Structure formats: structure tokens, C-alpha cells
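Examination of the molecular architecture
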Amino acid sequence: MNDFIVKTQVQDIQPFLENTIIKFEGYLNTVTIQDLLEGKHGDKAYYEGLLSNLRRLLVYCEEGLDACTIIVQTEPFQKLVAERILYKIYHKCIEEYYSPRYNLWFEDRRITYPDRSAIRFRQEPPGCFATLLRGVEGEFHSIREELIEFEVEYRNQKLQSKE
């Protein structure tokens, strides 16, 4: 990929990360385990895990946004660094969203309809948590579609350079 395409991808991902951070921070700043248990009686450890995974995902998105901001402002544009950033965003943000630590939720790849959520939970989550994740699912799907081709090219490029 040329410099322009890589820089454009980085710039396209910035608003996605900003919006995701705002939504996740807003949620995490207002909800507590007690709120979740009062709203829907459930497994406290499961709810704690859900919030832990969300905080982890938030941190990855913040790191990705910081890296994007720096690389876009750096002159001359450093394509190789930008490619590494995009690769990390794909694996740490996008893949973590669909397959988080502890496997408390997962992607059901059989779902192909755009009006249905592909996110499935191991246990019944609080409604506000499910609404949050499903509310950002479309954006995550779009960014994944945008980065999947890049990720394959990047991986192949790394394999070829090792030969």
C-alpha cells in the first residue's frame, strides 16, 4: 500500500476510536457493579468480567487513538510505523471486541443479516451492557471490513521479508 492509502486509513480510524472511547468512558463512568446487580440480578463475577473486558478494550482504543494522532502529525509521514499501528488496532481493538479475554461474549459468525447482532453472551448480561456493545457493533464491523484486507497484506509482507 502506498503512503496516501495508509495515512487515509489512519485518519479514517481516528473518529471511530474517538466515538468508541466516548461511549465506553461514558458507560464506565456511570455504571457500577451494584447498578448492574440491581438492574438485573445475575452472576456478580460475570458482571465484573464484563466491565473488566470493557475497560481493557477502552485502554486499547485510547492507545490506538494516541498512536494515530501522533503518526498523522509526524512529518514526514512514517508509513512503516503507521502500518504497525493499524495492525495493532486491528488485533487489539477490533479482534478484542469480537473475541474478548475470558470469552464472556463472542461473535456468532453465522449471523449475516445487518439488522441482527452477531454478539452472543455466555450468560445473560445486563440490558444496558448489551445495548452498549450492540450499539457500537456496526462501527466495529465497518472498521474490521476496512482493515481486514490491510491486515492480510501486512502479514504477507512480513512473511516475505523474513524469507
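Let us look at the structure shown here.

Rules used in this analysis
Residues numbered from 1 in each chain as written. Predicted model: local features only at pLDDT ≥ 70, side-chain atom pairs only at ≥ 80, totals over all residues. Heavy atoms only, no water. Phe/Tyr/Trp six-rings, centres within 6.5 Å; stacked < 30°, edge-to-face > 60°. Helix = DSSP H or I, 4+ residues; strand = E, 2+ residues; numbered from the N terminus. Buried < 20%, exposed > 50% of the residue type's maximum accessible area, 1.4 Å probe, protein only. Lys NZ or Arg CZ within 6 Å of the ring centre and 35° of its normal. Axes fitted to C-alpha atoms, helices over the stretch in contact; angles between N-to-C directions. Left-handed = near helix turned anticlockwise from the far one by under 90°. Nonpolar A, V, L, I, M, F, W, Y, C, P; charged D, E, K, R; others polar. Core = buried A, V, L, I, M, F, W, Y, C linked by side-chain atoms within 4.5 Å. Contact = heavy atoms within 4.5 Å. Polar contact = N/O pair within 3.5 Å; in protein donor to acceptor, adjacent residues only side chain to side chain. Patch = residues over 30% accessible without salt bridge, like charges linked within 9 Å, V, L, I, M, F, W, Y side chains within 5 Å. Areas by Shrake-Rupley, 256 points an atom, 1.4 Å probe, with all protein chains shown as cover. Salt bridge = Lys/Arg side-chain N within 4 Å of Asp/Glu carboxyl O. Lys, Arg positive; Asp, Glu negative; His and termini not counted. Charge placed at Lys NZ, Arg CZ, Asp CG, Glu CD.

Right, let's get into the packing of aromatic side chains. In this description, a pair of aromatic rings is defined by centroid distance and the angle of the planes. On inspection of all chains with the given rule, the structure shows ten aromatic pairs. Taking 4.1 Å as the distance between ring centres and 10° as the angle between the ring planes, the aromatic pair formed by tyrosine 97 and phenylalanine 140 counts as stacked. In this pair, tyrosine 97 sits in helix α4 (residues 79-98) while phenylalanine 140 sits in helix α5 (residues 127-162), placing the two residues 43 residues apart along the sequence. In this structure, tyrosine 97 and phenylalanine 140 share a single accessibility class: buried. Ring pairs connect the aromatic residues Phe16, Tyr97, Tyr98 and Phe140, which therefore count as one cluster. One residue, arginine 144, lies across the ring of tyrosine 98, its end atom 3.8 Å from the ring centre.

At a closest axis distance of 8 Å, the pairing of helix α1 (residues 3-30) and helix α3 (residues 44-73) adopts a crossing angle of 145°. As α1 packs across α3, the resulting crossing turns out to be left-handed. Its residues assigned to classes, the contact of α1 with α3 shows 16 nonpolar, five polar and five charged.

Residues Ile13, Leu17, Tyr27 and Phe121 are the most contacted members of the largest nonpolar core, which totals 50 residues. Take this core: its biggest share by element is 13 residues, from α3. Apart from residues lying up to four places away in sequence, isoleucine 13 is in contact with Cys68, Leu86, Ile89, Ile143 and Leu147.

Within the secondary structure layout, threonine 20 lies in helix α1. There is a polar contact of 2.8 Å between the side chain of threonine 20 and the backbone oxygen of phenylalanine 16. Residue contacts for threonine 20: discarding those within four places in its chain leaves Cys61 and Phe140.

Topologically, serine 117 is positioned in the loop between β1 (105-107) and β2 (119-121). A distance of 3.2 Å separates the side chain of serine 117 from the backbone nitrogen of isoleucine 119, its partner in a polar contact. Engagement of the side chain of serine 117 in a polar contact is seen with the side chain of arginine 134, the distance being 3.1 Å.

Bringing a positive patch on the surface into the picture now. There is a patch of like positive charges on the surface, built from Arg84, Lys88, Lys92, Lys158 and Lys162. Counting residues per element, the ones that place at least two in the positive patch are α4 and α5. Counting residues per element, the positive patch draws most heavily on α4, which supplies three residues. Mapping lysine 88 onto the fold places it in helix α4.

What follows concerns the pattern of salt bridges. This model, assessed by the stated rule, comprises eight salt bridges. Its salt-bridge partner being glutamate 139, residue lysine 23 comes within 2.8 Å of it at the nearest N-O pair. In this pair, lysine 23 is assigned in helix α1 and glutamate 139 in helix α5, connecting sequence segments 116 residues apart. The class of glutamate 139 is partly exposed, set by a relative accessible area of 24%.

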